[in-house]
Amino acid sequence: MTRWIAALAIITFVGVGRAQAQTPESAPGPGTFEVTIIPGGATFFTESGESNSPSFGNYDLGGTATVNFNRHVGVEAEVSGLIGISQSLDFVNGTVDAKTPHFLDYSGNLVVSAGRGSVVPYATAGVGGLSLFERAAVGVDDTTTFLTGNVGGGVKWYAGRWGLRGDYRFIAVQSKDDAPAFFGQETRYGHRIYGGVILNVIR
């Protein structure tokens, strides 16, 4: 009888140990290294009243790579393409129906998360660059790159190794004297929202 009790105790301890060892792997939450694919979003730039720069919006897609140092702090590299779309642009001298230029947005960001679990709110801020590509129809004759800063946040939802993400950023674009009249001669401000799919590459 004593042998059976001892054997049962050993089996119980082994089973509990295995369950505890498997919990971090199976529990939902952010991993050490994760990738976000951004299939859809939008970026809106507000009108600059001091120059001939209209407000407009572009379609947004791209991706991020995030390294989490611990449960609260990580760094993220982000690249997205702002795809120009046809729309009405209100210039000082009238309205023009035209397709907006394409942009390339890239940044490095600090990410501060509220903790681990299946639902993780976060705040983020960083710096980067924004490249404006040629679009002769709106007076952009060459590629111009601007310094940017961003601040924002969002929520991540995890289901094992994958999850979903919603994100908002406020973007400030530093002006340049040689920028085209359409964009960049005055400091511009933008709002970006997107939804993404998260993949935990390393748990």
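Since the model is a prediction, treat every value here as computed from it, not as a measurement.

What about the pairing of strand β4 (residues 86–91)?
Here's step 1: Taken together, the 6 bridges between β4 and strand β5 (residues 94–99) define a ladder with antiparallel strand orientation. Residue pairing in the sheet places S88 in a bridge with D97 of β5.
Here's step 2: Hairpin geometry of β4 and β5 is characterised by an intervening segment of 2 residues between the two adjacent antiparallel strands.

Looking at the nonpolar core
Here's step 1: Formed by 17 residues in total, the largest nonpolar core has its most connected members in F45, F56, L89, F103, V173, F182 and F183.
Here's step 2: Where this core is concerned, the elements lending two or more residues are β4, β7 (119–132) and β9 (162–173).
Here's step 3: In contact with F183, not counting residues within four places along its chain, are F45, S53, F56, F103, L130, L132, F146, V173 and R188.

Some words on the environment of T144
Here's step 1: Locating T144 in the fold gives a position in strand β8 (residues 144–159).
Here's step 2: Here T144 is in contact with L130, S131, L132, K176 and P180, once residues within four sequence places are set aside.

Side note on the side chain of N200
Here's step 1: When you line up the elements, N200 lands in strand β10 (residues 188–202).
Here's step 2: Accessibility expressed as a relative area gives 2% for N200, which makes it buried.
Here's step 3: Within polar-contact distance, the side chain of N200 engages the backbone oxygen of G29 at 2.9 Å.
Here's step 4: N200 has contacts with G29, P30, G31, F33, E34, Y158, G160 and R161, leaving out every residue within four places of it along the chain.

Brief notes about a nonpolar patch on the surface
Here's step 1: Where nonpolar side chains cluster on the molecular surface, the patch consists of I37, V119, V155, W157, W162, L164, V197, L199, V201 and I202 and spans about 890 Å² of accessible area.
Here's step 2: The biggest single contributor to the nonpolar patch is β10, with 4 residues.
Here's step 3: On the secondary structure map, V201 appears in strand β10.

Comments concerning the pattern of salt bridges
Opposite charge on two side chains permits pairing when their charged atoms draw close.
Here's step 1: Counted under the stated rule, the structure contains 8 salt bridges.
Here's step 2: R169 is the salt-bridge partner of D167, the closest N and O atoms lying 2.9 Å from each other. As far as the burial class goes, D167 and R169 line up, both buried.

Let's talk about the confidence of the model for the protein
Here's step 1: When pLDDT is averaged along the protein, the result is 87, and 85% of the positions lie at 70 or above.
Here's step 2: Counting interchain partners and residues more than four positions distant, the pLDDT-below-50 stretch residues 1–24 has 1 contact.

Rules used in this analysis
Residues numbered from 1 in each chain as written. Predicted model: local features only at pLDDT ≥ 70, side-chain atom pairs only at ≥ 80, totals over all residues. Heavy atoms only, no water. Pairing = 2+ DSSP bridges. Helix = DSSP H or I, 4+ residues; strand = E, 2+ residues; numbered from the N terminus. Core = buried A, V, L, I, M, F, W, Y, C linked by side-chain atoms within 4.5 Å. Buried < 20%, exposed > 50% of the residue type's maximum accessible area, 1.4 Å probe, protein only. Contact = heavy atoms within 4.5 Å. Polar contact = N/O pair within 3.5 Å; in protein donor to acceptor, adjacent residues only side chain to side chain. Patch = residues over 30% accessible without salt bridge, like charges linked within 9 Å, V, L, I, M, F, W, Y side chains within 5 Å. Areas by Shrake-Rupley, 256 points an atom, 1.4 Å probe, with all protein chains shown as cover. Salt bridge = Lys/Arg side-chain N within 4 Å of Asp/Glu carboxyl O. pLDDT = per-residue confidence, 0-100.

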